[in-house]
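The primary structure of each chain is shown beneath.
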Amino acid sequence: MIHIENLVKRYGEVLALDHLNLDIAEGEIFGLLGPNGSGKTTAINCLLALLKYDKGEITVFGEPMHPESYEQKRQIGIVPQNVAVFEQMSVYENIDYFCGLYVKEKQKRRELVEEAIAFVGLEDYRKMLPRKLSGGLLRRLNIACGIAHQPRLIILDEPTVAVDPQSRNKILEGIVALNKKGSTIIYTSHYMEEVEQICTRIVIMDHGRCIASGTTEELKRMIKTGETICIEGVMLTDGQTEAIRALPHVFQADYAQEENRLVIKCTSAKHNLIRVLNYLQQEEVPFGRVFSELPTLNDVFLEITGKELRD
Amino acid sequence: MTVFKVYFLIIRRNFAAILMYIGIFAGIAVAIQASFQHTGMTEGFSAMKLDVAVVDRGGGILSETLQEVLGLQHDLVTIADDEQVIQEELYYGNVKYVLIVKDKALEKLQAGEQAVQSITVPGTIAAYYVEAQVNAFLNEIRTALAGGFSPEEACQEAVALATIPVNVELVDKNGNAGIREDYNYYFAYMPYAFLGAAIMSLSIVIMELKKKDIRRRMQSSSVPFLKQNLAALISFAVLGAVIWGICMVIQTFLYRGGVFGGNHTGYYLLNSIVFMLVSLSLAYLTGTVSNTPTVLNGMANVISLGLCFLGGIFVPIEMLGEKMGKVSRFLPTYWYSKTNGLLGDYGVLDAEQIKSVWLGIAIQVVFAAACIAVTMAIRQRQLQEKE
């Protein structure tokens, strides 16, 4: 559905997109994950032909994308990062206006607007001006304005920034529902949990490059870490720490003496936790809280780039 | 149509502000126009009567006749022959002219000496006016005496001449009988309404549309960019036409046809249409540089009031001083006001005046074009910064 090849975009000396390659298939919820400034929004702007790029090729729905590709644009809906609605127009007028940029027929538009209002749950706020809506409701209005014309491709650029957890869940549920109704979704975010929760395929970006791509499981399998074990309230000697490092499948053990905290990283294998606890019992080392975590996308990012996703 | 619609949806929400500006303007225009008297110079003539004091130091036939003649044209007042009293009377404006008839005035006149002396406030019209009448009288006496008439006969002749009624016919040189049409006052204040209404409506829409993400949404839509710009242009034109139309309808009702039944209809309409263009270009600029409604509100007041004061709409340029007058020439309101003044002062325009009218209109067009060019440059810069 979307093919991006060797895309290069420079802002003066800054290389915003560095030979970016992407392929997005119809029906996907495609997550574009990366820290702020990694090039996600620039990539989206190039995809929509809002930005000129220095090199590369972009095809959307099998056709090259240009600023004048109005037939392709007709099938795309965009939900920008900031709430982009008219302050002086009511909820209904805003959705009707943005829908009207795609759908000329009045009767059909009326139906679509009503559907969008129902979809985001703004039935009781039709006549309200945006300034009277709460942050969460505003975000829902922002989404409704982008999806009302029922596009084939919906691009959501960090739609949950500064949204409370309840509204965030509602938005995420809505995105999955849109996908089930047949829309392909491109979802950019720097919240790995969200991407992990809803996306069928993910690309991790950094410094304008695609550094990894695949499903959540595929991405996690790319890294060495299969399990992270954390033990709190533990006092170890240097020798005991070394012995833990030597246990099977353990490739890293960091002991923080001031916090009495031990973090062990193991490769994917069975009974990693039991082996560690058996050793501590054998050495008669007392310990407090113990928990084990499966790798997250942050671990993936950390292992590939050497830095945290939220740095 | 969709883009066009958004302008009018937003403008509709601010229609009260538009009406407020038009209402204030109409109120000011009607009040100012009502305060002017409507006596045209060809409607009638009456000679000016002044308070004139005569100090008679010697009496005699010449003095009596002079007082009789002056009494026919002015109100004579008696005051003491005291220099200080005379000065005070003149200072407080109780009298406009003091005539001292010297002792043995007739003899002095016959001998070619100064028979009378006048004391006035220097440079006043009254001084010249009465002085001319006194001199005319003395010349008549002098001529009659030189012609062999006796002093009594000369004085009788002078009185007879003074009583001959004078038919004064005033020439309507300006072609408007000295009267400015009522609607000229209305047109004089129109820039205030145009500026206020245009800025308070159009700028709000421009301010909304220039928001980065709204622009992004519009540009990624299936409506071509050219079509969006065209819709914006049509909206500007329609809004301008609506505000202009409202003002024209009001003047038609207030002045029973107003400009449509008076002089220079075409020039009045053209001058006001061009100023509407100026107002729209300023609204475009204001909307581009404002980021919040509060800033916009402030700018609307500063621009509309500032241009109207400095451009001679609210107060005559002469009152602003020479330096300010030079600055005013750079303002479109100055040229609008100057053109409107010409149209009001002259019922018939000569070639030079027609040239001035066209010059005023052309300068306004140039100002609007410059304003649009500057705004486009600012917008370009804003777009580059946001990119």
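Note that the structure is a prediction, hence the values are computed from the model and not measured.

Draft legend 1. Layout of the environment of Lys96(B). Residues and elements named next belong to chain B. The topology assignment puts Lys96 in the loop between helix H4 (83-91) and strand S3 (97-101). The partly exposed category is assigned to Lys96, whose relative accessible area is 37%. Sequence-wise, Lys96 and Leu50 are 46 residues apart; in three dimensions their C-alpha atoms are separated by 6.6 Å. With residues near it in sequence (within four places) discarded, Lys96 still touches Leu50, Asp51, Leu90, Thr120 and Ala126.

Draft legend 2. Structural view of the interface of chain A and chain B. Residue-level contacts link 37 residues of chain A with 26 residues of chain B. For the pairing of chain A and chain B, the buried interface totals around 2700 Å² over both sides, and the portion due to carbon and sulfur atoms is 56%. On the surface where chain A and chain B come into contact, there are 4 salt bridges. Residues Arg12(B) and Glu93(A) are paired through a salt bridge, measuring 3.6 Å at the closest nitrogen-oxygen approach. Taken together, chain A and chain B are joined by 14 residue pairs in polar contact (both at pLDDT 80 or more). When contributions to the side of chain A that touches chain B are tallied by element, the ones reaching two or more residues are strand S1 (2-11), helix H1 (40-47), helix H2 (70-73), strand S6 (76-79), helix H3 (91-100) and helix H5 (135-147) of chain A.

Draft legend 3. Representation of the sheet that holds strand S10 (residues 209-214) of chain A within the structure. Residue and element names in this part refer to chain A. Read from one edge of the open sheet, 6 strands run S6-S7-S8-S3-S9-S10, paired in mixed fashion. Across the chains shown, the open sheet's two edge strands, defined by having one partner strand only, are S6 and S10. The sheet shows a mean angle of 15° between the axes of neighbouring strands, direction not considered. Sheet analysis places strand S9 (residues 201-206) next to S10, joined by 5 bridges and oriented antiparallel. Looking at the pairing, Asp206 lines up with Arg209 of S10. Here H1 sits on the sheet in contact with strand S3 (29-33), strand S7 (153-157), strand S8 (184-189) and S9, set at roughly 145° to S8. Contacting S6 and S7, H5 runs over the sheet at an angle of about 165° to S6.

Draft legend 4. Focus on the sheet that holds strand S12 (residues 250-256) of chain A. Residues and elements named next belong to chain A. If you trace the 4 strands from one edge of the open sheet to the other, you get S12-S13-S11-S14, paired in antiparallel fashion. Both outer strands of the open sheet, S12 and strand S14 (290-293), are each paired with one neighbouring strand and no more. With direction set aside, neighbouring strand axes in the sheet form an average angle of 15°. In terms of strand pairing, S12 meets strand S13 (residues 261-266) through 6 bridges, oriented antiparallel. Residue pairing in the sheet places Gln252 in a bridge with Lys265 of S13. On the sheet, helix H10 (residues 272-282) packs against strand S11 (227-232), S13 and S14 and is oriented at approximately 30° with respect to S11.

What counts and what doesn't
Residues numbered from 1 in each chain as written. Chains lettered and ligands numbered in written order. Predicted model: local features only at pLDDT ≥ 70, side-chain atom pairs only at ≥ 80, totals over all residues. Heavy atoms only, no water. Helix = DSSP H or I, 4+ residues; strand = E, 2+ residues; numbered from the N terminus. Buried < 20%, exposed > 50% of the residue type's maximum accessible area, 1.4 Å probe, protein only. Contact = heavy atoms within 4.5 Å. Buried area = accessible area lost by both parts, 1.4 Å probe. Salt bridge = Lys/Arg side-chain N within 4 Å of Asp/Glu carboxyl O. Polar contact = N/O pair within 3.5 Å; in protein donor to acceptor, adjacent residues only side chain to side chain. Pairing = 2+ DSSP bridges. Axes fitted to C-alpha atoms, helices over the stretch in contact; angles between N-to-C directions.

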